[in-house]
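Given next are the chains, with one letter for each unit.
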Amino acid sequence: MSSTGTSDDSVEAPGPFSVQIVTLLRRRSTAVSVVILATLAYLPALTASPGRMPSDSKLFVYLDPGRFLADAAGSFDPRWYSGWVPHQHVAYLWPTGPWFWFFETLAVPDWIAHRLWVGTLLVSAGLGVRWLARILGLPVMAALVAAIVYQLSPYVLPYVSRTSVLLLPFAGLGWIVGFAVLGTRRPDQRWRFPAAIALVVLTVGAVNATALLMIVPAPALWLVHAVWSRLTTWRRALAFAVRTAVLCAGVSLWWVAMLLVQGRYGADVLEYSESLGSVSFTSTSTEVVRGLGYWLFYVRDAFAATTTASIDHLASGRTVLVGFVLVSVCVAAIVVARWPHRRFTALLVGVGAVIAVGAHPLDDPSPLVDALVPDTESGLALALRSSTRAVPVLVLGLALAAGALAAGAGRLHQPRPAMARLVVSVGISALAVLNLPALWQGGFVDPALERDQDPPDAWIEAAADLDGRAEGYRVLQLPGAEFGAFAWGYTVDQPLPSRTDRPLVTRDLLPLGSPAAMDLAFALDDRVQEGSVESSSIAPVARLLGVDTIWLAGGVGGARVRRGRPGTVRGGGGALYLCGEDDRRK
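Residues numbered from 1 in each chain as written. Predicted model: local features only at pLDDT ≥ 70, side-chain atom pairs only at ≥ 80, totals over all residues. Heavy atoms only, no water.

Asker: Explain the overall build of the protein to me, please; I cannot follow it from the model alone.
Answerer: Along the backbone of the protein there are 28 helices and 8 strands. Across the 586 residues that make up the protein, the buried fraction comes to 55%. A separation of at least 24 residues holds for 79% of the contacts in the protein among residues at least 6 apart in sequence. Just so you have it, the protein exposes about 24600 Å², and 61% of that area is on carbon and sulfur atoms. (Helix = DSSP H or I, 4+ residues; strand = E, 2+ residues; numbered from the N terminus. Buried < 20%, exposed > 50% of the residue type's maximum accessible area, 1.4 Å probe, protein only. Contact = heavy atoms within 4.5 Å. Areas by Shrake-Rupley, 256 points an atom, 1.4 Å probe, with all protein chains shown as cover.)

Written as structure tokens, this is what we have:
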């Protein structure tokens, strides 16, 4: 008998086909698993919209990663918003910035570097869960099933084309829990496994403190389970937790310090961005158990759905049915599977669901949330509003339960238990694949968020001309826009700062510069948008902002970004650039 309570593969007498499959997996288990998981990660990514780029994370990390890395190391950036304290740019110092700088150095096209990045995130997530499942005693095929269920969770969809860096904690969760398991089994190696967890946290934790905090319950629940199951003592578990916390805090000081600087001297981003009510409105229990619930998965504007792949999961009866069938199978596995660690999976699912649902419904939240966050307008409530980033904890529990069911399926057909395990494993894996139509529909690059790989030649030429002008002045972009959306693609960030050293002043979604400068820039832009601006007033205001050049960006998706159409701007001296669909500069 194996540690999972099922018969070991070596003592079975399966049929010829299943013998070949089981033998192959046993002899080349790691290689076969890596190939399968890598195929499910890299193939969909590389075949999605070749040559096109999504508006993923920061535009500058693709267009000029070297300069962006240099800027990210500082606490003040004079090239934006008349000077500002950057928000979370320091997190790109590792690993995202070096990744794209490396491929830029090799002259690899940005779109290939991006798809390899996305594929690496997914395969790292799958391999981490496979390794964890093997440590917990699941056999080869069952561990692969757990990895597939986790790796192919629809949780990734609202992030993969928009903020893929937020998938780093998702990718690292299996590894973190795996090292926690080994730490409780080998108490003599007091610092080895806490240090290993700290290295993973160093890599996955900087981009967003909330995303990191939301996965902390997973290793903590393992410690609870280990003490409960008498796999360790509470003293050893507590000592392990303290050592891990100390090391993780140490490797996080570099971004925590910058977060404190930004919080004290920068704009109050939490106050300007989404409210707790808006974000928590979609985090229902039925959605989070499917791996969903993130509010950007459900929003639709006049242009398109904010996440195109969401349509299948919200409107396709087949996809919705497959998702609930997969969840039902995994939950049933927690009940019926004979596995020493099924309590751990139940804790992951239960605690993950409670945290992910969070403050929903806002007028009657759970007692836990009500006790922890009594004031829904407080800074803590706003910081923790993205409760659905705890969904990976829940998905990990479901994935391990699926693996346990696959491991114990041999009891269903005693004459040929290996065949039974193979059938159940293939069935669960097929459900996981069918539950993510984006795999074969090109959904890893959202058509509503894509752009050309590089700005038009007119932009590049005009930006070079700006660099040739006298230093000490800024360029003013009129009319402003909440997001960068042009005829050549959707950039979110304004592309001009990545093409020139000349500082840019323009409207953006959030007023992230100093209040005085932002009020002045927004007031001027409002009048331009409304068509009520007096041409003679532009030059005096521009001089107050340190501007000697006005940049009129044509071809802007006005309806998408709620921006007025530019009229004729006269007078004032200086230079005027018109960059639009015709790729002409004046």
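Asker: Explanation requested: the packing of aromatic side chains in the structure shown.
Answerer: Geometrically, a pair of aromatic rings is defined through the distance of the ring centres and the angle of the planes. For the structure on display, the rule yields 24 aromatic pairs. Between the aromatic rings of F68 and Y92, the centroid separation amounts to 5.5 Å while the plane-to-plane angle is 70 degrees, which identifies the pairing as edge-to-face. Here Y92 lies in the loop between α4 (65–72) and α5 (96–105) and F68 lies in helix α4, a separation of 24 residues in the sequence. By relative accessible area, which is 5% here, Y92 ends up buried. A network of ring pairs unites the aromatic residues F60, F68, W80, Y81, W84 and Y92 as a single cluster. The cationic tip of R243 hangs over the ring face of W191; the distance from NZ or CZ to the ring centre is 5.9 Å. Taking the ring centre of W228 as reference, the NZ or CZ of R343 above it sits at 4.3 Å. (Phe/Tyr/Trp six-rings, centres within 6.5 Å; stacked < 30°, edge-to-face > 60°. Lys NZ or Arg CZ within 6 Å of the ring centre and 35° of its normal.)

Asker: Looking at this structure, how should I read the environment of Y298?
Answerer: By the element assignment, Y298 lies in the loop between α16 (285–288) and α17 (310–315). Taking the relative accessible area as the measure of exposure, Y298 reaches 24% and is therefore partly exposed. For the pair Y298 and T308, spaced 10 residues apart in sequence, the C-alpha to C-alpha distance is 9.5 Å. Filtering out sequence-adjacent residues up to four positions away, Y298 remains in contact with T282, E287, L292, G293 and L314.

Asker: Is there a simple way to think about unusual backbone geometry in this case?
Answerer: Most peptide bonds take the trans configuration, and most residues that are not glycine carry a negative phi. Looking along the chain, the bond that leaves W94 and enters P95 is cis, with omega of 0 degrees. The omega torsion of the bond from L478 to P479 falls at -15 degrees, within 30 degrees of zero and hence cis. Along the chain, P479 falls in the loop between β3 (474–477) and β4 (484–486). Residue S57 is not a glycine yet carries a positive backbone phi of 60 degrees. Structurally, S57 is set in the loop between β1 (53–54) and α3 (60–63). Given a relative accessible area of 12%, S57 falls into the buried group.

Asker: Explain α5 to me, please; I cannot follow it from the model alone.
Answerer: In an α-helix, one turn spans 3.6 residues; hence positions three or four apart end up facing the same way. Taken as a whole, α5 has its buried residues at T96, G97, F100 and F103. End-on view of α5: buried residues confined to an arc of 140 degrees, all on one side of the axis. Buried residues belonging to α5 abut α3, α4, α6 (110–135) and α9 (168–185). Positive phi shows up at A107, right after α5, with a value of about 65 degrees. (Arc of directions from axis to C-beta.)

Asker: Sorry, what's going on with the packing of α5 against α6 here?
Answerer: The relative placement of two packed helices comes down to the angle between their axes together with the axis-to-axis distance. For the pair α5 and α6, interaxial distance at closest approach is 10 Å and the crossing angle is 140 degrees. It follows that α5 is oblique to α6 by the angle criterion. Seen along the crossing, α5 lies across α6 with a hand that is right-handed. Counted together, T96, W99, F100, F103 and E104 of α5 and D110, A113, H114, L116, W117 and T120 of α6 form the full contact between these two elements. (Axes fitted to C-alpha atoms, helices over the stretch in contact; angles between N-to-C directions. Parallel < 35°, antiparallel > 145°, perpendicular 65-115°, else oblique. Left-handed = near helix turned anticlockwise from the far one by under 90°.)

Asker: Teacher, can you tell me more about the nonpolar core here?
Answerer: The nonpolar side chains of a soluble globular protein tend to be buried, and buried together. The biggest cluster of nonpolar side chains holds 139 residues, and the ones touching the most others in it are Y150, L396, L400 and F444. Sorting elements by how many residues they give to this core places helix α22 (residues 391–408) first, with 13 residues. In this structure, L524, I538, A542 and V547 belong to the second largest nonpolar core, which totals 13 residues. (Core = buried A, V, L, I, M, F, W, Y, C linked by side-chain atoms within 4.5 Å.)

Asker: Teacher, can you tell me more about a nonpolar patch on the surface here?
Answerer: Taken together, the side chains of W234, L238, V242 and V246 present a nonpolar region at the surface, about 410 Å² in accessible area. Inspection of the secondary structure assignment puts V246 in helix α13 (residues 234–265). (Patch = residues over 30% accessible without salt bridge, like charges linked within 9 Å, V, L, I, M, F, W, Y side chains within 5 Å. Salt bridge = Lys/Arg side-chain N within 4 Å of Asp/Glu carboxyl O.)

Asker: Looking at this model, I keep getting lost on the confidence of the model for the protein. Mind explaining?
Answerer: Detailed reading of the predicted coordinates is not advisable wherever pLDDT falls low. Here the protein shows a mean pLDDT of 87. Residues at 70 or above account for 87%. Taken together, the stretch residues 564–574 has pLDDT below 50 and engages in 9 contacts with residues farther than four places along the chain or on a different chain. Note on residues 580–586: pLDDT under 50 across the span, and 17 contacts to partners over four residues away in sequence or across chains. (pLDDT = per-residue confidence, 0-100.)

Asker: Can you walk me through the side chain of T282 in this structure?
Answerer: Note on placement: T282 falls in the loop between α15 (276–280) and α16. For T282, a relative accessible area of 14% translates into the label buried. Contacts of T282, omitting those with residues within four sequence positions, involve E287, G293, Y294, W295 and Y298.

Asker: I would appreciate a short explanation of the pairing of strand β7 (residues 547–553) in the present structure.
Answerer: Most of β7 is tucked away: 7 of the 7 residues are buried. Pairing geometry for β3 and β7, over 4 bridges, is parallel. Of the residues in β7, the one forming a bridge with V475 is T549. (Pairing = 2+ DSSP bridges.)

Asker: I tried to follow the pairing of β3 on my own but got confused; where do I start?
Answerer: On a regular strand, each side chain points to the face opposite its neighbour's, so the side chains alternate between the two faces of the sheet. Sheet analysis places β3 next to strand β6 (residues 504–505), joined by 2 bridges and oriented parallel. Paired with L476 across the bridge in β6 is V505.

Asker: Honestly, the environment of G480 in this entry has me stumped. Any pointers?
Answerer: Relative to the helices and strands, G480 is located in the loop between β3 and β4. Spatially, the C-alpha atoms of G480 and V556 are 9.8 Å apart, while their sequence positions differ by 76 residues.

Asker: Quick question: what am I supposed to make of the side chain of R451 here?
Answerer: Assignment of secondary structure puts R451 in strand β2 (residues 450–451). Buried and without a salt bridge, R451 has D110 as its closest oppositely charged side chain, separated by 5.4 Å. Among the polar contacts made by the side chain of R451, one reaches the main-chain carbonyl oxygen of Q453 at a distance of 2.9 Å. (Lys, Arg positive; Asp, Glu negative; His and termini not counted. Polar contact = N/O pair within 3.5 Å; in protein donor to acceptor, adjacent residues only side chain to side chain.)

Asker: Please clarify how the environment of S57 should be interpreted in this entry.
Answerer: In the structure, S57 is positioned 35 residues away from Y92 in sequence and 9.8 Å away in space, judged by C-alpha atoms. In terms of polar contacts, S57 uses its side chain to reach the side chain of D56, at 3.0 Å.

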